[in-house]
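Structure assessment
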Amino acid sequence: MVTLKDIARQCGVSKATVSKALNGYGDIGKETAEMIRSVAAEMNYLPNPAARQLKTNSSHNIGVLFEDPTMSGLAHEYFSVILNSAKDVVEEMGYDITFISPRIGGSSFVDHCRYRKCDGVLVASADFTRPEVRDLIESEIPTVTIDFTFDNHSSVLSDNVEGNYRLTKYLLDRGHRKIAFIHGEQTSVTKKRLVGFYRALGEYGVEVPEDYIQEARYHDAKACSAAASRLLRLEDPPTAIMFPDDFGYLGGISVFEEFGLRVPDDISVTGYDGINLSRILRPKLVTYYQDAEEIGRLSGKKLVESIERKKSCIPEQILVEGQILEGESVRTIG
């Protein structure tokens, strides 16, 4: 087995310098650190996790909590990009990732994290009202949440208020006044998007009927299809429908065909998330791009900071901006 001493001898440096390079410390030169890591890779060096844990009292293992009521799992591109980006960041900093579940090693998320000796947890998707989730957040284990905030804990947030404000304003600027909004289940994300929606309408002095606001589920084409059908059966149907996400818009396509409507000639539509699917659809979907890669990168970086600098790390809420992606699914009227 290759040891730190072997690498130090090969590189002509001290064992301490090798340790610092492999653990990402910044008090050695960049070129020296890169050379040491390259030699270690060539020598097929593998750190002894048990020895490292005994020495540092750290497992270098990060837990990920990802609950998905739609059962789409990591097929959901928004979350898969977030998690992949976070994974890349924490692995570069010497950490492994483990998905946590109350079904393994105990009766709660906290139990499983302790069982796996997680140094910290990234809460990517969960019902934040559940006592089991709150118990985890309030435990001694450092956590970072995505798209939800807890007092005195760090979170990384897509700017859902601003995102839906811009998307609604995009429709208003193109003459639409009968704008319907299909939103997902009642979560903090939904509440923020509703704020953005009504804020834009208020600036233009536009009011919409309560029937124009329909609840479905995120990443659920069937639920979005049912909501779109209810909107089109109204006595005074909307000229534009905002879907909760790009995937949910797929449910609207079959409904539009059923009603003999063409996008955008007869009905205008927008999505949300800006996943690759939105760029492939024809007509190309107008949508709001959430920077999932940046959300993942920042959440991973903040979690490692929370783990390694417990006494000096300041909890913060980090907002990540997105942008509207142009398409051909919105018609200008007026």
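The notes below deal with the structure included here. These numbers come from a predicted model, not from an experiment.

A few words on the overall build of the protein chain. Secondary structure assignment for the protein chain yields 13 helices and 12 strands. Its C-alpha atoms give the protein chain principal-axis dimensions of about 80 × 40 × 35 Å. In the protein chain, the proportion of contacts linking residues at least 24 apart, taken out of those at least 6 apart, comes to 68%. Side chains of the protein chain carry 39 positive and 49 negative charges; the gap between the two charge centres is 5 Å.

The residue D96 is located in strand 2 (residues 96-99) in this model. For D96, a relative accessible area of 46% translates into the label partly exposed. Spatially, the C-alpha atoms of D96 and Y212 are 46 Å apart, while their sequence positions differ by 116 residues. Every residue in contact with D96, bar those within four places of it in the chain, is listed here: H60, N61 and I62.

Within this structure, the stated rule accounts for zero disulfides. Here C118 is not cross-linked by a disulfide; its sulfur's nearest cysteine counterpart is in C113, at 4.5 Å. Using a relative accessible area of 9% as the deciding quantity, one classes C118 as buried. Of the cysteine sulfurs around C313, a residue in no disulfide, the closest is that of C113, at 18 Å. C313 sits in the buried class, given a relative accessible area of 14%.

So, on to the packing of helix 8 (residues 160-173) against helix 9 (residues 188-203). At a minimum axis separation of 7 Å, helix 8 and helix 9 run at an interaxial angle of 40 degrees. Our pair here, helix 8 against helix 9, has a crossing hand that is right-handed. Between helix 8, through N160, V161, N164, Y165, T168, K169 and L172, and helix 9, the contact on the second element is made entirely by V189, K192, R193, V195, G196, F197, R199, A200, L201 and E203. Residue classes in the contact of helix 8 with helix 9 are distributed as eight nonpolar, four polar and five charged.

Turning next to helix 11 (residues 246-258). By the burial criterion, the buried members of helix 11 are D246, G248, Y249, G251, G252, V255 and F256. On its buried side, helix 11 packs onto helix 10 (221-232), strand 8 (240-242), strand 9 (268-270), helix 12 (276-280) and strand 10 (287-289). Of the residues one or two after helix 11, G260 is the one with positive phi, at around 70 degrees.

Turning next to the sheet that holds strand 5 (residues 154-158). Ordered by their spatial adjacency, six strands build an open sheet running 2-1-3-4-5-11, and the pairing between neighbours is parallel. Edge strands, defined here as strands with exactly one partner in the open sheet, are strand 2 and strand 11 (317-320). Averaged over all pairs of adjacent strands, the angle between their axes in this sheet comes to 20 degrees, without regard to strand direction. Bridging between strand 4 (residues 143-146) and strand 5 involves three bridges; their strand directions are parallel. Bridging from a neighbouring strand, V144 pairs with S154 of strand 5. Contacts from helix 5 (residues 77-92) reach strand 1 (61-66), strand 2, strand 3 (120-125), strand 4 and strand 5, with the element oriented near 160 degrees to strand 3. Sheet strands touched by helix 13 (residues 292-308): strand 1, strand 3, strand 4, strand 5 and strand 11. Its angle to strand 4, the strand with the most contacts, is close to 160 degrees.

The subject of this paragraph is the nonpolar core. Among the nonpolar cores identified, the biggest contains 40 residues, and I182, F197, I241, F243, Y249, F256 and V269 are the most heavily contacted of them. Of all the secondary-structure elements, those providing two or more residues to this core are helix 8, strand 6 (179-183), helix 9, helix 10, strand 8 and helix 11. Not counting chain neighbours up to four residues away, the residues in contact with V269 comprise I241, F243, Y249, F256, V263, L285, V286, S329 and V330. Judged by nonpolar contacts, the second largest core, of 23 residues, contains F66, I82, A124 and V320.

All right, on to the packing of aromatic side chains then. If you walk through the whole model with that rule in mind, you get 10 aromatic pairs. Between the aromatic rings of F128 and F148, the centroid separation amounts to 4.4 Å while the plane-to-plane angle is 10 degrees, which identifies the pairing as stacked. Taken together, the residues F128 in the loop between strand 3 and helix 7 (131-137) and F148 in the loop between strand 4 and strand 5 connect sequence positions 20 residues apart. Given a relative accessible area of 16%, F148 falls into the buried group. Measuring from ring centre to ring centre gives 6.4 Å for F243 and F256, while their planes differ by 80 degrees; the resulting arrangement is edge-to-face. Separated by 13 residues along the polypeptide, F243 in the loop between strand 8 and helix 11 and F256 in helix 11 bring together distant segments of the chain. Taken as a pair, F243 and F256 share a single burial class, namely buried.

What the four strands build is an open sheet, ordered 7-6-8-9; its pairing is parallel. Edge positions in the sheet fall to strand 7 (213-215) and strand 9, since each of these pairs with one other strand and no more. Averaged over all neighbouring strand pairs, the angle between strand axes comes to 20 degrees, with direction disregarded. Bridge count between strand 6 and strand 7: three bridges; the pairing is parallel.

Cut-offs used in this document
- Residues numbered from 1 in each chain as written.
- Predicted model: local features only at pLDDT ≥ 70, side-chain atom pairs only at ≥ 80, totals over all residues.
- Heavy atoms only, no water.
- Helix = DSSP H or I, 4+ residues; strand = E, 2+ residues; numbered from the N terminus.
- Contact = heavy atoms within 4.5 Å.
- Lys, Arg positive; Asp, Glu negative; His and termini not counted.
- Charge placed at Lys NZ, Arg CZ, Asp CG, Glu CD.
- Buried < 20%, exposed > 50% of the residue type's maximum accessible area, 1.4 Å probe, protein only.
- Disulfide = S-S within 2.5 Å.
- Axes fitted to C-alpha atoms, helices over the stretch in contact; angles between N-to-C directions.
- Left-handed = near helix turned anticlockwise from the far one by under 90°.
- Nonpolar A, V, L, I, M, F, W, Y, C, P; charged D, E, K, R; others polar.
- Pairing = 2+ DSSP bridges.
- Core = buried A, V, L, I, M, F, W, Y, C linked by side-chain atoms within 4.5 Å.
- Phe/Tyr/Trp six-rings, centres within 6.5 Å; stacked < 30°, edge-to-face > 60°.

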